[in-house]
Amino acid sequence: MRKIIWMSDPHFQHSGTYKGHDPRVLLERAIEHVNTHHADADFAILSGDLMGDELEQDYADLALYLSKSKVPIHSMMGNHDDRALLRIHLSVPTSAMGDFVQYTIEGADETIICLDTNKENALSGAMCQTRLNWLSDTLARTADKPAYIFMHHPPLALHLPPFDDSNLEDSDAFFDVISAHNNVKHLFMGHVHRATTGTIKGIPFASMNALSFQSPPPRPKWDWDSFNPAREAPQYGVLHIQADCVVLQYTQFCEFGVGYTG
Ligand SMILES: [Fe+2]
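Residues numbered from 1 in each chain as written. Predicted model: local features only at pLDDT ≥ 70, side-chain atom pairs only at ≥ 80, totals over all residues. Heavy atoms only, no water.

A look at the coordination of the iron ion
Moving on, step 1. D49 (OD), N79 (OD1), H152 (NE2) and H191 (ND1) make up the full set of protein donors to the iron ion, lying at 2.1 to 2.3 Å.
Moving on, step 2. Note that the iron ion binds four donor atoms; their angles at the metal cover 89 to 165 degrees, and the shape is irregular.
Moving on, step 3. All donors to the iron ion come from one chain, and their sequence spacing reads D-x29-N-x72-H-x38-H. Residue H152 is found in the loop between β6 (147–151) and α5 (171–179), and its partner H191 is found in the loop between β7 (184–189) and β8 (196–200); the two are separated by 39 residues along the sequence. The two residues H152 and H191 agree in class, both being buried. (Donors = N, O, S within 2.8 Å, 3.2 Å for Na, K, Ca; no water. Tetrahedral: all angles 85-135°; square planar, octahedral: opposite > 155°, others 65-115°. Helix = DSSP H or I, 4+ residues; strand = E, 2+ residues; numbered from the N terminus. Buried < 20%, exposed > 50% of the residue type's maximum accessible area, 1.4 Å probe, protein only.)

Here it is as structure tokens:
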């Protein structure tokens, strides 16, 4: 069995607050909670939007915070991230593509696939043909094992305006690749700062709360001009993956208000 910690969207910055929240306090609390209760996990995945503003000092300080984790953390690209700075300051598995932070973590019984859906200077995500070809080749090479895909941008609308306009572009091409193989068993997605779950084309998916601020529920309807983070506590996920069973536990690690300055 694999036990994986899933964290997303810390929006870290070395000083100041982001949308009223101190990302350093919240990340520290999350890592302390994992160290105390889940130090037996195999590894953690941080599914993108590591940064608020993609500053080099932010990446340098983030590396110091992540180094306090007893569980090794694998970092992914979100729309707020910079590939070059991520590679300089955070470790990337040797399986990663040369031009993209897209990689596998391969176990005896499963393949974890972490995609790079970053589209430069855009809120929405994209997967170019190069990344899609890598995904197709990876799924073919590991066809004898179930594959679990982590990706920052959801490849479907989650009925969470305005994120529905900033998901993965050309998701049809992504699903064409997935559908050509039969080993993808689950999708895990960041970006929306809110927990959802469901199925798409028969494949289960889940999105994760953020380590930083939480998106409000979809009603009353909001847009970025009227955006106010929900007064909800942050969470991370504890994933238990076995051959024929996936269990995701949404785990609150502190009360709402910790690190909140309004
Ligand atoms: Fe994002």
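Remarks on the packing of aromatic side chains
Moving on, step 1. Evaluated as defined, the whole model comprises 14 aromatic pairs.
Moving on, step 2. A centroid spacing of 5.6 Å and a plane angle of 75 degrees characterise the contact between F213 and F227, whose relative ring orientation is edge-to-face. With F213 in the loop between β9 (203–207) and β10 (235–242) and F227 in the loop between β9 and β10, this residue pair connects regions lying 14 residues apart in the sequence.
Moving on, step 3. Taking the relative accessible area as the measure of exposure, F213 reaches 3% and is therefore buried. (Phe/Tyr/Trp six-rings, centres within 6.5 Å; stacked < 30°, edge-to-face > 60°.)

With respect to the sheet that holds strand β3 (residues 73–75)
Moving on, step 1. Strand order in the open sheet made by the five strands is β3-β2-β1-β10-β11, with mixed pairing throughout. Two strands lie at the open edges of the sheet, namely β3 and β11 (245–252), each paired on one side alone. Averaged over all adjacent pairs, the angle separating strand axes in this sheet is 25 degrees, with direction ignored.
Moving on, step 2. Where strand β1 (residues 2–7) lies against β10, five bridges are found, and the strand directions are antiparallel. Directly across from R2, in β10, lies its bridge partner I241. (Pairing = 2+ DSSP bridges. Axes fitted to C-alpha atoms, helices over the stretch in contact; angles between N-to-C directions.)

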